[in-house]
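Chain residues, written in single-letter form:
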Amino acid sequence: MELGASGPPDDPQTPESWHRQAITWRNRMMLLLDHLPLPVALCDPHGVILLANPAMAAEWGMLSGQMQGRNALEFFRPLSPVRLHPIAEAVRLRRRSRYPVEVTWSTPDGTERYGEIDVDPVSDAPDSAMSLMLLLRVGGERVETPADEAAARPRLSGAEARILALAAAGDTTARIAKRVGLTPDGVNYHLTQLSRRWGVRGKAALVARAYFLGVLDPAVWPPAAAEDVRGGSAGTE
């Protein structure tokens, strides 16, 4: 019996043959994902992105590899975080179903977009580790009017507005306390509450956050709160 130049045909039952077939199908799947216009990502059970196709990465002006290793919640904001609880339970109980989650996100140019993610718990085999397949359907863009922007700004009491403005001007806690008629502990209380509310640490970060949120008016000096964020009187509160 003579063998052809290419050797004997593959035995489909050998490990080597299965390995070659697995690589072939993996490459085909990656090619399909690369050309799929629907944004798709695969995550581990904790939401860490294992792979994302170009359509998904393009939502943030990124390359697919740049999303790998980051949590999906760094990119998406669920409108109702409680909708994530059934997904965690499905992973724990190895249930396979589809869970829609309404989300919003921001593009690199600051545009607010909204849509829905279908989250599907999947696995390679019945007893293998679960993964999460994310399929994003883009709904559209949210266009903010000046009225929307003003309504979204945090409201401050009169004491908070004065303390924040004086802190932005570089006054010490003792000097702020004297000017607003509070004790230093009272001033620190207001600064601490604002820091917790906005998720920052330190006076410098607090002032920077205030300007970012439009709470302090960037067009005036000495620093002053924007007119539409003052929710109380200018006295001590």
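Residues numbered from 1 in each chain as written. Predicted model: local features only at pLDDT ≥ 70, side-chain atom pairs only at ≥ 80, totals over all residues. Heavy atoms only, no water.

Engineer: Explain the side chain of Asn53 to me, and be specific about the residues and the numbers.
Structural biologist: Within the secondary structure, Asn53 sits in the loop between strand S2 (49-52) and helix H2 (54-57). Only 2.9 Å separates the side chain of Asn53 from the backbone oxygen of Leu38, close enough to count as a polar contact. One polar contact links the side chain of Asn53 to the main-chain amide nitrogen of Met56, over a distance of 3.0 Å. (Helix = DSSP H or I, 4+ residues; strand = E, 2+ residues; numbered from the N terminus. Polar contact = N/O pair within 3.5 Å; in protein donor to acceptor, adjacent residues only side chain to side chain.)

Engineer: Explain the confidence of the model for the chain to me, and be specific about the residues and the numbers.
Structural biologist: Residues of the chain with pLDDT of at least 70 account for 79%, and the chain-wide mean is 80. Low pLDDT, under 50, characterises residues 1-7; the predicted model gives this stretch one contact beyond four residues in sequence or across chains. Across residues 232-237, where pLDDT falls below 50, the model places 18 contacts with residues more than four positions away in sequence or in other chains. (pLDDT = per-residue confidence, 0-100. Contact = heavy atoms within 4.5 Å.)

Engineer: Residue-level account of helix H4 (residues 85-93), with values.
Structural biologist: Along H4, the residues that are buried comprise Ile87, Ala90 and Val91. Buried residues in H4, looked at end-on, bunch into an arc of 100 degrees, giving them a common side. Of the exposed residues in H4, the ones pointing more than 90 degrees away from its buried face are His85, Ala88 and Arg92. (Buried < 20%, exposed > 50% of the residue type's maximum accessible area, 1.4 Å probe, protein only. Arc of directions from axis to C-beta.)

Engineer: Please set out the packing of aromatic side chains residue by residue, giving values where relevant.
Structural biologist: Overall, the coordinates contain four aromatic pairs when judged by the stated rule. Between Trp60 and Phe76, the aromatic rings sit 5.1 Å apart at their centres with planes inclined by 85 degrees, giving edge-to-face as the arrangement. Of the two residues, Trp60 sits in the loop between H2 and helix H3 (64-67) while Phe76 sits in the loop between H3 and strand S3 (77-78), which places them 16 residues apart along the sequence. According to the relative accessible area criterion, Phe76 is buried, its value standing at 5%. When the centroid spacing of 5.6 Å and the interplanar angle of 80 degrees are considered together, the rings of Phe76 and Trp105 count as edge-to-face. Of this pair, Phe76 sits in the loop between H3 and S3 while Trp105 sits in strand S4 (residues 99-106), and the two are 29 residues apart along the sequence. Taken together, the ring pairs in this structure connect Trp60, Phe75, Phe76 and Trp105 into an aromatic cluster. (Phe/Tyr/Trp six-rings, centres within 6.5 Å; stacked < 30°, edge-to-face > 60°.)

Engineer: Quick one: what's the story with the pattern of salt bridges, residue by residue and with numbers?
Structural biologist: For the structure on display, the rule yields 11 salt bridges. One salt bridge in this structure joins Glu59 and Arg113, with 2.7 Å as the shortest N-O distance. One end of the pair, Glu59, is in the loop between H2 and H3; the other, Arg113, is in strand S5 (residues 112-122), and 54 residues separate them in sequence. Arg98 is paired through a salt bridge with Asp120; the nearest N and O atoms lie 3.1 Å apart. Of this pair, Arg98 sits in the loop between H4 and S4 while Asp120 sits in strand S5, placing them 22 residues apart in sequence. (Salt bridge = Lys/Arg side-chain N within 4 Å of Asp/Glu carboxyl O.)

Engineer: Which residues make up the nonpolar core, and what are the values?
Structural biologist: The tendency in soluble globular proteins is for nonpolar side chains to be buried side by side. Core analysis: the biggest nonpolar cluster contains 25 residues, and Met56, Trp60, Met67, Phe76 and Leu134 have the highest contact counts within it. Counting only elements with at least two residues in this core, the list comes to strand S1 (40-43), S2, H2, H4, S4, S5 and strand S6 (131-142). Looking at this core element by element, the count peaks at four residues for S4. Excluding residues within four positions of it along the chain, Phe76 makes contact with Met56, Trp60, Val103, Thr104, Trp105, Ile117 and Leu136. The next biggest cluster of nonpolar side chains, apart from the first, holds 22 residues, and it includes Ile163, Ile176, Val187 and Val215. (Core = buried A, V, L, I, M, F, W, Y, C linked by side-chain atoms within 4.5 Å.)

Engineer: Can you break down the pairing of S1 residue by residue, with the values?
Structural biologist: Across a regular strand the side chains alternate sides, sitting on one face of the sheet and then on the other. Covered by surrounding structure in S1 are Val40 and Leu42 together with Ala41 and Cys43, the residues of both alternating faces. With four bridges connecting them, S1 and S6 associate as antiparallel partners. By the bridge assignment for S6, Val40 is matched with Leu135. Bridge count for S1 against S2 is three bridges, and the pairing is antiparallel. Across the sheet, the residue bridging to Leu42 is Leu51, located in S2. (Pairing = 2+ DSSP bridges.)

Engineer: Summarise the environment of Arg95; cite the residues concerned and give the values.
Structural biologist: Relative to the helices and strands, Arg95 resides in the loop between H4 and S4. For the pair formed by Arg95 and Met130, sequence separation is 35 residues and the distance between their alpha carbons is 9.5 Å. Once you skip the residues sitting within four places of it in the chain, Arg95 turns out to touch Glu89, Ala90, Pro121 and Met130.

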